[in-house]
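What follows is each chain in one-letter form.
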Number of protein chains: 2
Amino acid sequence: MPQPNRPQPDGDQPTLAEPGRVVSPEVEADGTVHFRLFAPNAQSVLLRSPELPKELSAYEAPMARGDDGVWSLTVGPLPPGIYDYGFVLDGLPLADPASASLFGTRRGARGTVEVPAPPDAPRLDAWRDVPHGSVAMHWYRSPAVDSPRRAHVYTPPGYGDEPERAYPVLYLLHGMGDDDACWTQLGRANVILDNLIALGRAEPMVVVMPDGMPLGMPEGEMSEWWPRALETFRTDFFLGLMPLAESRYRVDGSRERRAIAGLSMGGAHSIEFGLTRLDLFAWVGCMSAAAWRAERVVERLAQDPAATNEALSLFWLAIGVDDFLLNTHRDFTAALTQAGIDHELHETEGAHTWSIWRQYLGELVPRLFR
Amino acid sequence: MPQPNRPQPDGDQPTLAEPGRVVSPEVEADGTVHFRLFAPNAQSVLLRSPELPKELSAYEAPMARGDDGVWSLTVGPLPPGIYDYGFVLDGLPLADPASASLFGTRRGARGTVEVPAPPDAPRLDAWRDVPHGSVAMHWYRSPAVDSPRRAHVYTPPGYGDEPERAYPVLYLLHGMGDDDACWTQLGRANVILDNLIALGRAEPMVVVMPDGMPLGMPEGEMSEWWPRALETFRTDFFLGLMPLAESRYRVDGSRERRAIAGLSMGGAHSIEFGLTRLDLFAWVGCMSAAAWRAERVVERLAQDPAATNEALSLFWLAIGVDDFLLNTHRDFTAALTQAGIDHELHETEGAHTWSIWRQYLGELVPRLFR
C-alpha cells in the first residue's frame, strides 16, 4: 500500500516529527494534560475548549510551535473529568487527529480527553464494574420528513430478564448541532444511569434519545428556522418517535411514569412538548435551556396555574451562572414565577458544556418517578 | 459565546474564505464530487482515498489552492457508491472538517461521501423504505482484559414481535484499526441486512459485531503482537462475548445456525475461531482475509479433510485482484486445496476497501443458513 507523503528531514533543518508518531492528548497521573498537533507550516494553532479553566482562557489558548513542527500546550493539573476539545489551525477548526476518542456530530468531528478520578472518589460518569444496560439504535420512517430518522434507546440492566415488567420512560433531548448519539457518546447517559441504578439512587427506566434536528442544521434566519424546525420535530416526536418507542419497549404508558428533559435547544423542546402535553408528561427537566419563544407556553399555562401545578410532579431547571443563555433563562423563570407556575430552579457554577450536562443528568434522574 | 479567531481580510490580499462556509464534499447530480479544505498556509494538500478511480490515482491526489485559501479538487463523475476519504495537510492526515458524516475509529476520524444511485437501480447498501431492524450496543466485562468491552448486535425486523422465535446468528468481524461500530457505520451491515430480508433473499438473523482489538492498536513487532492479540481476543470471544450474546438474544445455539465471517484481520479471526471450532460453526466467510499464520490451521485441518468438509456447510472466500494481500491469500487458498479442504473462492475486481466489503456482505449473507 502506498505510504502517505511525509515531509522529509533536511540536513540543514531540524528533523520534523512523523505525524503518525504524535501522541495527543497525553494525560499524566496528576491530571496535567499535554495537547499536540503536527502542523509544520501553520502560522497559528489554538487549543479550543469550552471547558478550559477560566484562569487559562474562557475558550481558546494559543499553542507553541516546536522545532519538529509539533505545536503543543500543557494544561493543568485539571480536576478529574471529561473535557471536550479541538484545535484551530490557521482558522480551521478540527478535531485532534491523534485522539483515539473521536466521533462525528452535525458540527463535524469532536473529541474528548478524560482525566481519571482517584479510585476512592469515582465519578458518576465513569465506567464501573456494575450491571450494564444497553443502547439500541432504531431507524424509522417519520410522518414529518422524507429522510430516514434514527433514535437511540437505553434499556436498564435486567430489562431482558423480566419480560412482564413495564418501566418508566424518560425522553432525553440534545442541543443544537448534536444528534441522537450525543447523549451516549458525549453525555455518557448510559454510564450515569447504570451507576445510579447500581447505587439504588434511580428507578430502572427506559431512556429514549431522539434526533431533535429533523431539518438538519439551521439555514437562513433563526426566527424563520426555529418555528419550522420545532413544528417538524413536534410532528416527528408525537407521531413517529413516541409510537415507535412505546410499541417496541415495555413502558407503562401513564403520564406519572413518563418524563421529558433536554439540554439547550432540547430544553426548549422539553418546554414545548412537555408543558403543553401534561396529559402525557408529569415530569419535565430543563438543562441550560434555550427558552426561545417560551413566553407563548407560559401565557398558555398562566390561564390555569393550579391545574398545571397539580399535573406537574416535577418541573426542574438548572443553568450555569457563566452560561451565555443565563439572562434569557432568568427572564423565562421570572415569567414562570409571575404566572404562578411551580418550578425548581438551580443556578449552579459552570457554563454551556457537556461537563455540566452530565452533572445535571446525575442530579435529575434520581428525582424522577419517585 | 466567544467566536473562533478568523483570518481577517486584508485590503491588499484576496479575501480569505470563512472556514465555516466551506462546503465539502459537494456532490452533483451526475456524480461529480468537489472536495474542499480551507487551509491558507498549507504548502500541500492531498485528497486521500483508497477508493479513488485508478486513472486518477491509486491512493492520493494533489489538491489546488485558490486565492481564497481554499484547496479543492473535482473528481468524477463517480459511479453511485459510498467513498471513504480524507485529506493530508502538509503530511497531517485528517478527516474533512466540513463533512457532516464523520465518525471515529481507532485510526482517528473518518468520513465518507455518498453518490446516490438512480431510483431504478437502487444500491443494496442504501436506505430503503422497508422494515428496519435495530442495532444495540452492549458493554461488558471480559475475562480477557480489564478494560470495558463493547459489542454491536443487529436484530432483524420483527424480532421483538415473535418472542418465541429463535434466529440463526452471524458473528461479523472488522479489520485492523476499526472497532465494533464500523460494520454499521462504514459497512452499513444493518442496511444491507434490512434490504436483503425485505427482498426475501436472506434469512432473518441476529448479527453480532464484536470489537476485535481488545489490546488496542499494535505496539512493537507484529510477529510478537499478533499471537498475543489473537489469543486475547479468542478468550474474550468464546468466554465473554458469545455467552453474553447468546444469553441476551434468542439464537438457535446449533452449529448449523451459527456463522462467522470477517474482513482483513477479521478474516484471520474467522479462520482461527471458525475452522478450529467446527463444533460451533458450520459457516465461515472470509473477505480480503489477512491469512496471518493460517498455515497452522490448515495443517490441523489436513489431518482429516473429510471430517472438515462434512462439517462445513460453506467456506466462502473473496478478495479483490488489486488487494495488497492477494499473494498471501493465494498462498493460503492453494494450501487449502492441497490439503483437500473444500472452499469457494471469489477473486473479484477491487482492492482493500469498504466498498468491496459491503458488496461481499451482500453476496455472502444470502448464502447463509440455507
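Coordinates for the structure precede this section.
First things first, this report covers the structure right here in the doc.

The rules we used
- Residues numbered from 1 in each chain as written.
- Chains lettered and ligands numbered in written order.
- Predicted model: local features only at pLDDT ≥ 70, side-chain atom pairs only at ≥ 80, totals over all residues.
- Heavy atoms only, no water.
- Helix = DSSP H or I, 4+ residues; strand = E, 2+ residues; numbered from the N terminus.
- Rg over C-alpha atoms; globule rule 2.2 N^0.38 Å.
- Buried < 20%, exposed > 50% of the residue type's maximum accessible area, 1.4 Å probe, protein only.
- Contact = heavy atoms within 4.5 Å.
- Areas by Shrake-Rupley, 256 points an atom, 1.4 Å probe, with all protein chains shown as cover.
- Pairing = 2+ DSSP bridges.
- Axes fitted to C-alpha atoms, helices over the stretch in contact; angles between N-to-C directions.
- Left-handed = near helix turned anticlockwise from the far one by under 90°.
- Nonpolar A, V, L, I, M, F, W, Y, C, P; charged D, E, K, R; others polar.

**Considering the overall build of chain A**
Looking only at helices and strands, chain A features eight helices and 18 strands. Over its C-alpha atoms chain A spans a radius of gyration of 23 Å, differing by no more than 12% from the 21 Å that the globule rule assigns to 370 residues. Projecting the C-alpha coordinates of chain A onto the three principal axes gives extents of approximately 80 × 50 × 45 Å. By the burial criterion, 59% of the 370 residues in chain A qualify as buried. Sequence separation of 24 or more characterises 74% of the internal contacts of chain A that already satisfy a separation of 6 or more. Accessible area of chain A: about 14900 Å², with a carbon and sulfur share of 49%.

**Focus: the environment of B:Pro305**
Mapping B:Pro305 onto the fold places it in helix H6 (residues 305-311). Excluding its chain neighbours within four sequence positions, the residues that come into contact with B:Pro305 are B:Ala339, B:Gly340 and B:Ile341.

**Some details on the sheet that holds strand E5 (residues 64-65) of chain B**
Residues and elements named next belong to chain B. One open sheet accounts for four strands, arranged E1-E2-E6-E5; its pairing is antiparallel. At either end of the open sheet lies a strand with only one pairing partner, and these are strand E1 (26-27) and E5. Bridging between E1 and strand E2 (residues 33-38) involves two bridges; their strand directions are antiparallel. Across the sheet, residue Glu-26 finds its bridge partner in E2, namely His-34.

**Regarding the packing of helix H2 (residues 189-198) of chain A against helix H8 (residues 354-364) of chain A**
All names here are of chain A. Between H2 and H8, whose axes approach to 10 Å, the crossing angle comes to 30°. Seen along the crossing, H2 lies across H8 with a hand that is right-handed. Residues Ala-189, Ile-192, Leu-193 and Leu-196 of H2 form the contact with H8, whose participating residues are Arg-358, Leu-361 and Gly-362. In terms of residue class, the contact of H2 with H8 is made up of five nonpolar, one polar and one charged.

**Thoughts on the pairing of strand E10 (residues 108-115) of chain A**
Residue and element names in this part refer to chain A. Burial within E10 is extensive, with seven of its eight residues counted as buried. Bridge analysis of strand E7 (residues 81-89) against E10 gives five bridges, and the strand direction is antiparallel. Each bridged residue has a counterpart across the sheet, and for Asp-84 the counterpart in E10 is Thr-112. One ladder, built from four bridges, connects strand E9 (residues 102-105) with E10; its direction is antiparallel. Within E10, the position partnered with Gly-104 by the bridge is Ala-109.

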